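Coordinate analysis (summary)
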Amino acid sequence: MTDAFPSDYAEARADFLRAAEAAGARLRTYTLPGHRGPDGDELRVDTAYTGPADPEKLLVTVSGTHGIEGFCGSACQTGILLREGLARTAGPRTGVLLVHALNPYGFAYLRRVNEEEVDLNRNFVDHDDPPHNDAYDAVHATLVPPGSAAFSPSALVADLAALRDRLGPQTLQEAVTRGQYRHADGLFYGGLRPTWSRRVFEVVVAEQIAGAAHVAYIDLHTGLGERGVGEPIFRGGRDADAHARARRWYGDALTASELGTSSSTPIVGNTATAVADGLGPVGRLTAITLEFGTLPGPEVLLALCADAWLHRHHTPAEAVRSELKQLIREAFCPADAAWREQVLRRAREVFGQALAGLADVKPGYAG
């Protein structure tokens, strides 16, 4: 099954579309204007839907919110929900919606950010009054050294280690990953305005999600936590029973950033925000990030810093061919077969838990 992992964005999209068509899914496509992939092809977000025309319950999975993490997310969607046919096991009045490559530019160019250098999973905020992250200001110059014409991994490793020793691993992670809105050349930058991918996703929510009474939402990610372990991290919704409901569905493995039980520190502006907003007070949302660990945190951070440097000093076409790209590939989609088998096995389990949870929701139940 590890052959479900594509070698690049173009292959991922082709595999997804073939599998969706074979499964009889209804497809919609959104084309990114003004940009093409390294091969010259257009870059697209695709959605595939199976189920009744007006579902009461809906399982939604999203891949590629952080572009390069789409290798894993696409493999899970294509290999398990479509090829294995798990989507067909959804109960009556239940649909399954797959949002493929939400950040197609980052997927194609092996980046976590999008075509505007924006972290899409920090972009769903009110940009007229964005949240402040003063702690990031103090670490920015270490992560993105000013005027560095050459990349020195050893020097960066030493600087990052000194920063970690001074602040402590937890404080450093919170400062770096929460999301920041002042440094356009920095990491985890949430942008100045809604990105194209955000606007597309809000259309998807309005047209394909908002009518459902109950939504199980799974955003597929990699890079945090124990290697190969798929951690379900609670992301909403807003009714009083949401966290308890997620615990019933996903068991003791469920974590929550706000409770300090997750490999992820609290973040702002994630995609689940758009789903919660779209459902409003009537629909019920049970949202998680399914996070697959890869490398230790310092190595992942090094890869992100290296990639930021690479794209500051090279064109996208040059950068995507650089040997430095191997750092970010291993940080977000390791090549070894054991990791990939573990990921697919865990994704199969969690998708099954979500469908079982939806099946247990009784008609008219608002909890």
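Anything mentioned here points back to the structure above.
Residues numbered from 1 in each chain as written. Predicted model: local features only at pLDDT ≥ 70, side-chain atom pairs only at ≥ 80, totals over all residues. Heavy atoms only, no water.

Helix and strand counts for the chain come out as 14 helices and seven strands. In terms of overall dimensions, the chain is globule-like: its C-alpha atoms have a radius of gyration of 19 Å, near the 21 Å expected for 367 residues. Projected onto its principal axes, the C-alpha positions of the chain cover 60 × 45 × 40 Å. Relative to its full complement of 367 residues, the chain shows a buried share of 58%. Here the chain displays about 14400 Å² of accessible surface, and carbon together with sulfur accounts for 53% of that area. Of the charged side chains in the chain, 36 are positive and 46 negative; the average position of the first set lies 4 Å away from that of the second. (Helix = DSSP H or I, 4+ residues; strand = E, 2+ residues; numbered from the N terminus. Rg over C-alpha atoms; globule rule 2.2 N^0.38 Å. Buried < 20%, exposed > 50% of the residue type's maximum accessible area, 1.4 Å probe, protein only. Areas by Shrake-Rupley, 256 points an atom, 1.4 Å probe, with all protein chains shown as cover. Lys, Arg positive; Asp, Glu negative; His and termini not counted. Charge placed at Lys NZ, Arg CZ, Asp CG, Glu CD.)

Another aspect to go through is the sheet that holds strand β5 (residues 214-227). Across the sheet, seven strands lie side by side as β1-β2-β4-β3-β5-β7-β6; this open sheet has mixed pairing. Only two strands of the sheet have a single neighbouring strand rather than two, namely β1 (26-36) and β6 (230-236). Mean inter-strand twist for the sheet, computed between neighbouring axes without regard to direction, equals 20°. For β5 and strand β7 (residues 284-293), the ladder comprises ten bridges, and the chain directions are parallel. Each residue of the ladder has a partner; that of tyrosine 217, found in β7, is alanine 287. (Pairing = 2+ DSSP bridges. Axes fitted to C-alpha atoms, helices over the stretch in contact; angles between N-to-C directions.)

We now examine the packing of helix α8 (residues 196-209) against helix α10 (residues 272-279). When two helices pack together, their arrangement is captured by the angle between the axes and the distance separating the axes. For the pair α8 and α10, the least separation of the axes is 9 Å and the interaxial angle reads 40°. Relative to α10, the element α8 lies oblique. As α8 packs across α10, the resulting crossing turns out to be right-handed. Of the residues in α10, those touching α8 at Phe201, Glu202, Val205 and Ile209 are Ala274, Val275, Gly278 and Leu279. Here the contact of α8 with α10 is composed, by residue class, of six nonpolar, one polar and one charged. (Parallel < 35°, antiparallel > 145°, perpendicular 65-115°, else oblique. Left-handed = near helix turned anticlockwise from the far one by under 90°. Contact = heavy atoms within 4.5 Å. Nonpolar A, V, L, I, M, F, W, Y, C, P; charged D, E, K, R; others polar.)

Turning our eyes to something else, we now look at unusual backbone geometry. A cis amide bond links glycine 236 to the next residue, glycine 237, at an omega of 20°. You can see glycine 237 is positioned in the loop between β6 and α9 (242-250). The phi torsion at phenylalanine 188 lies on the positive side, around 55°, for a residue other than glycine. Along the polypeptide, phenylalanine 188 turns up in the loop between α7 (169-177) and α8.

Bridge count for β1 against strand β2 (residues 42-50) is seven bridges, and the pairing is antiparallel. The residue of β2 that forms the bridge with arginine 26 is tyrosine 49.

A word on the pattern of salt bridges. Within the structure shown, the criterion is met by 26 salt bridges. Measuring nitrogen to oxygen at the nearest pair gives 3.9 Å for the salt bridge that ties glutamate 42 to arginine 36. Across the pair lysine 325 and aspartate 307 runs a salt bridge, and its minimum N-O distance is 2.6 Å. Taken together, the residues span a long stretch of sequence, with lysine 325 in helix α13 (residues 325-332) and aspartate 307 in helix α11 (residues 297-313) at a distance of 18 residues. Overlapping salt bridges, with partners in common, bring together Asp239, Asp241, Arg245, Arg248 and Arg284 in one network. (Salt bridge = Lys/Arg side-chain N within 4 Å of Asp/Glu carboxyl O.)

Given a rise of 1.5 Å per residue, 17 residues ought to cover 24 Å, and the 25 Å separating the end C-alpha atoms of α11 matches this to within 8%. Summarising the contacts, the buried residues of α11 are in contact with α5 (140-143), α6 (153-167), α7, β5, α12 (316-319) and α13. (Expected span 1.5 Å × (residues − 1).)

For the rest of this paragraph, the subject is the nonpolar core. The biggest cluster of nonpolar side chains holds 111 residues, and the ones touching the most others in it are Leu143, Phe201, Ile209, Val215, Tyr217 and Ile218. If one sorts the elements of this core by residue count, α11 sits on top with ten residues. Setting aside anything within four residues of it in sequence, one finds leucine 143 in contact with Tyr136, Leu160, Val176, Leu187, Leu301 and Cys305. (Core = buried A, V, L, I, M, F, W, Y, C linked by side-chain atoms within 4.5 Å.)

Turning to the pairing of β7, a few remarks are in order. The buried fraction of β7 amounts to ten of the ten residues, a majority that puts the element mostly inside the structure. Here β7 shows no split at all, with Arg284, Thr286, Ile288, Leu290 and Phe292 on one side and Leu285, Ala287, Thr289, Glu291 and Gly293 on the other all buried. Looking at chain direction, β6 and β7 are connected through six bridges and run antiparallel. When the sheet's bridge partners are listed, phenylalanine 234 is paired in β7 with isoleucine 288.

Applying the stated criterion to the full structure yields zero disulfides. A disulfide-free cysteine, cysteine 72 has its sulfur positioned 4.3 Å from the sulfur of cysteine 76, the nearest such atom. Assessed through its relative accessible area of 1%, cysteine 72 is described here as buried. Residue cysteine 76 is classed as buried on the basis of its relative accessible area of 0%. (Disulfide = S-S within 2.5 Å.)

A few words now on α8. Given a rise of 1.5 Å per residue, 14 residues ought to cover 20 Å, and the 19 Å separating the end C-alpha atoms of α8 matches this to within 8%. Every buried residue of α8 is listed here: Trp196, Ser197, Arg198, Val200, Phe201, Val204, Val205, Gln208 and Ile209.

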